[in-house]
Amino acid sequence: MLNCLIVGAGGALGAMCRYLVGLLPLEPQSGFPAKTFLINVAGSFLIGIVAALSAKSAVSPRMVLFLKVGICGGFTTFSSFALETDQLLAKGKTPAALAYVLLSLVCGVLAVVLAEKLVS
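Everything in this summary refers to the structure shown in the same document.

Calculation rules
Throughout, a residue's number is its position along its own chain's written sequence, starting from 1. Reporting in this predicted model follows two pLDDT cut-offs: at least 70 for local features of residues, and 80 or more for side-chain atom pairs to be given and counted; totals over whole chains, interfaces and linings ignore these cut-offs and use all residues. As a rule here, side-chain values come from all non-hydrogen atoms in the structure, and water together with hydrogens is ignored. Here a strand is any run of E in DSSP of at least two residues, a helix any run of H or I of at least four, and the numbering for each starts at the N terminus. Summary of the burial criterion: residues with accessible area below 20% of their type's maximum are buried, those above 50% are exposed, and those between are partly exposed, where the area comes from a 1.4 Å probe applied to protein chains only. Note on contacts: a residue pair is in contact if any heavy atoms of the two residues lie within 4.5 Å. Per-residue and other accessible areas follow the Shrake-Rupley method at a 1.4 Å probe size, with only the shown protein chains counted as cover for residues. By the counting rule applied here, Lys and Arg register as positive and Asp and Glu as negative, while His and the ends of each chain are not counted. For this purpose, a charge sits on NZ of Lys, CZ of Arg, CG of Asp or CD of Glu.

What follows covers the overall build of the chain. The secondary structure content of the chain amounts to five helices and zero strands. Along the chain, helices and strands appear, N-terminal first, in the series α-α-α-α-α. The buried share of the chain, taken over its 120 residues, is 31%. Excluding contacts between residues fewer than 6 apart, the proportion of contacts in the chain whose partners are at least 24 apart in sequence is 73%. Accessible surface for the chain amounts to roughly 7100 Å². Of this, 74% is attributable to carbon and sulfur atoms. One way to put it: in the chain the 8 positive side-chain charges average out to a point 9 Å from where the 4 negative ones average out.

Below is the structure:
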């Protein structure tokens, strides 16, 4: 039960951070979902840092749970990513949808790799 509370606390913090990023005035003319993209890349970077630090040092398993499952899980927005991609396609903005998918995947993975290299 304590683990559930730890994840819930991290999730609440991550969700609040996600909400605050959502308030930023980032709306490009192309319709590209810049805020969700920023959140997913930043979340990927953060989870890479946590993974690298926990593999490298004696980080408490509960702290890892709080950071990875809680904060990163509450902060990142893959479901929003999927919905926004569908909406771009439905509006006929195929180039923006393809750019969004490719950039999200490539930059998300690169953010994890960069974070791990910075910690190593």
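We now examine the environment of Phe 81. Secondary-structure assignment places Phe 81 in helix H4 (residues 78–90). Classification of Phe 81 by relative accessible area gives buried; the value is 7%. Taking the C-alpha atoms as reference, Phe 81 lies 15 Å from Ala 15; in sequence the two are 66 residues apart.

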